[in-house]
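Each chain, written out:
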Amino acid sequence: MYLLPAIDILDGRAVRLAKGDYNAVTVYHDKPELMAQLFEEDGAEWIHVVDLNGAKSGAPENLEVVRRILAATKLKVEVGGGVRSLEVAERILDAGATRVILGTALVRDPEFAQAAIEKFGPDALVAGIDAKAGEAAVAGWTEGSGVRAADLAARMADLGYEHLVFTDIARDGMQTGVDPMAYADMAEAFRNPVIVSGGIATAADIRALAPIADAVEGVIAGRAIYENTLSVADGVAACKGDFQLSDQLEAEQRPLTLEDLESN
């Protein structure tokens, strides 16, 4: 497993939404690239970036911020939000992103999902499935799709997708812990390991995934990092299975502060 600190971008700023609610926004910093640099210094090799404006509107609106993050670090970056055409996916990849996340388009435009995998291949794409009560959600989590998340995962596997981010919307941004079996079930449907998203609060939540480690590719953490219940270094250690080091880091955790970001 590997850790993917999350940077969600709304109107150019790094934010978090509670349960995907655009009216429940917490702003963490005006310069997301500074946050990315700090994450890299603390041991992260990946970050997970979402253009929240694009996720809602269907057109990417924060690509310049993504370029600044890529220019400021050597991190591998997966980028999602509003990716509903081959041209948009290509622009993001050309900007330097390692992978592009496809979400709403997987449900609404199956022909695009197939064309994307044929054009870019499985290493450059991530299927993003966000679910409420087992149903895949679309349009920045604002609408239900009428499609079972597990059925959508199986369909993506049939097309040749090998990476999948599965988000439990009810837990996302709430720091309520994870449901390991939900991810094990999704990995079984997808026939590949999945990236866990939603509910991570501490290193203990990552350690709770150990029994299903074969079903987990990576772990996304956002609010927990920003609100100092999980350090990036601690999360990286836990993902690598170095639980002794993880416990030590958790006990000695250095809080992430705005002063850190602004002085970096």
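For every chain, the first residue of its written sequence is number 1, and the numbers climb from 1 along that sequence. Local features in this predicted model are restricted to residues whose pLDDT is 70 or higher, and side-chain atom pairs enter the listing and the counts only when it is 80 or higher, whereas totals over whole chains, interfaces and linings include all residues. By convention in this description, side-chain values take in all heavy atoms of the structure and omit both hydrogens and water.

**A closer look at the overall build of the chain**
Turning to step 1, where the next piece is worked out: Numbering of helices and strands starts at the N terminus; helices are DSSP runs of H or I of at least 4 residues and strands are runs of E of at least 2. Along its length, the chain carries 13 helices and twelve strands.
Turning to step 2, where the next piece is worked out: Burial statistics for the chain: of 264 residues in total, 55% are counted as buried.
Turning to step 3, where the next piece is worked out: Residues are treated as being in contact if the distance between any of their heavy atoms lies within 4.5 Å. Restricting the contact set of the chain to residue pairs at least 6 apart, pairs at least 24 apart contribute 68%.
Turning to step 4, where the next piece is worked out: Residue-level accessible areas treat just the shown protein chains as cover; the underlying method is Shrake-Rupley with a 1.4 Å probe. Roughly 10,800 Å² of accessible area belongs to the chain as shown, and the carbon and sulfur atoms make up 47% of that amount. Classification of residues uses two cut-offs on accessible area relative to the type maximum, computed with a 1.4 Å probe and protein chains only: under 20% is buried, over 50% is exposed, and between them is partly exposed.

**Digging into unusual backbone geometry**
Turning to step 1, where the next piece is worked out: Of note in the backbone geometry, R191 takes a positive phi value of approximately 65 degrees without being a glycine.
Turning to step 2, where the next piece is worked out: A positive phi angle is found at N228, which is not glycine, with a value near 70 degrees.

**A short note on the pairing of strand 1 (residues 2-10)**
Turning to step 1, where the next piece is worked out: With eight of nine residues buried, strand 1 is to be regarded as a mostly interior element.
Turning to step 2, where the next piece is worked out: DSSP-based pairing: two strands are paired if at least 2 bridges between them are found. The pairing of strand 1 with strand 12 (residues 216-221) spans four bridges and is parallel. Counterpart to L3 in the pairing with strand 12 is V219.
Turning to step 3, where the next piece is worked out: Where strand 1 meets strand 4 (residues 46-51), four bridges bridge the pair, whose relative direction is parallel. What sits directly across from I7, in strand 4, is V49.
Turning to step 4, where the next piece is worked out: Pairing of strand 1 with strand 2 (residues 13-18), which is carried by three bridges, proceeds in the antiparallel orientation. Within the sheet, the bridge partner assigned to L10 lies in strand 2 and is R13.

**Observations regarding the packing of aromatic side chains**
Turning to step 1, where the next piece is worked out: Note on aromatic pairs: the rings of Phe, Tyr and Trp (six-membered ring only in Trp) are paired at centre separations within 6.5 Å, and the planes decide the class, stacked below 30 degrees, edge-to-face beyond 60, tilted for the rest. This structure, assessed with the given rule, holds four aromatic pairs.
Turning to step 2, where the next piece is worked out: Each ring, one from F39 and one from Y226, has its centre 6.1 Å from the other, and the planes form 35 degrees; the classification is tilted. Taken together, the positions of F39 in helix 1 (residues 32-41) and Y226 in helix 10 (residues 223-226) put the pair 187 residues apart, joining distant regions of the chain. Exposure class is identical for F39 and Y226. Each is buried.
Turning to step 3, where the next piece is worked out: Grouping aromatic residues by their ring pairs yields a cluster made of Y28, F39 and Y226.

**A few points about the nonpolar core**
Turning to step 1, where the next piece is worked out: We call a set of buried Ala, Val, Leu, Ile, Met, Phe, Trp, Tyr and Cys residues a nonpolar core when their side-chain atoms join them within 4.5 Å. In this structure, I7, F39, I47, V49, L102, Y161 and L164 are the most contacted members of the largest nonpolar core, which totals 76 residues.
Turning to step 2, where the next piece is worked out: Considering every element that reaches this core, the biggest residue donor is helix 8 (residues 180-190), with six residues.
Turning to step 3, where the next piece is worked out: Every residue in contact with I47, bar those within four places of it in the chain, is listed here: L4, P5, I7, A36, F39, I69, L75, K76, V77 and E78.
Turning to step 4, where the next piece is worked out: The next biggest cluster of nonpolar side chains, apart from the first, holds eight residues, and it includes I101, V126, V165 and I220.

**What to know about the side chain of N62**
Turning to step 1, where the next piece is worked out: Relative to the elements of secondary structure, N62 occurs in the loop between helix 2 (52-57) and helix 3 (63-72).
Turning to step 2, where the next piece is worked out: Polar contact is defined as a pair of N or O atoms within 3.5 Å, subject to the rule that within protein one atom must be able to donate a hydrogen and the other to accept it, and that residues adjacent in sequence are counted only when both atoms are side-chain atoms. Side-chain polar atoms of N62 contact the backbone nitrogen of G12, separated by 3.0 Å.
Turning to step 3, where the next piece is worked out: In this structure the side chain of N62 is engaged in a polar contact, spanning 2.9 Å, whose partner is the side chain of N53.
Turning to step 4, where the next piece is worked out: Beyond its immediate chain neighbours, meaning those up to four positions away, N62 contacts I9, D11, G12, D51 and N53.

**Considerations on the packing of helix 1 against helix 3**
Turning to step 1, where the next piece is worked out: Remark: helix 1 packs on helix 3, axes separated minimally by 8 Å, with the N-to-C direction vectors making an angle of 35 degrees. Between helix 1 and helix 3 lies a crossing whose hand is right-handed. From helix 1, P32, E33, A36, Q37 and E40 reach across to helix 3, where they touch V65, R68, I69 and A72.
Turning to step 2, where the next piece is worked out: Partitioned by chemical class, the residues of the contact of helix 1 with helix 3 number five nonpolar, one polar and three charged. Convention adopted: a line fitted to C-alpha atoms gives each axis, helices being fitted over their contacting stretch, and angles between N-to-C directions are expressed from 0 to 180 degrees. Crossings are classed by handedness, with left-handed meaning an anticlockwise turn of the near helix from the far one by less than a right angle and right-handed meaning a clockwise turn. Gly falls in the polar group here, along with every residue not listed as nonpolar (Ala, Val, Leu, Ile, Met, Phe, Trp, Tyr, Cys, Pro) or charged (Asp, Glu, Lys, Arg).

**Structural notes on the side chain of E217**
Turning to step 1, where the next piece is worked out: When you line up the elements, E217 lands in strand 12.
Turning to step 2, where the next piece is worked out: Look at E217 and you get buried, because its relative accessible area is 15%.
Turning to step 3, where the next piece is worked out: Side chain to side chain, E217 and Y2 meet in a polar contact 2.6 Å long.
Turning to step 4, where the next piece is worked out: A polar contact of 3.0 Å, which involves the side chain of E217, links it to the side chain of H163.
Turning to step 5, where the next piece is worked out: What E217 contacts, discounting residues up to four positions off in sequence, is M1, Y2, R99, E162, H163, P193, V194 and I195.

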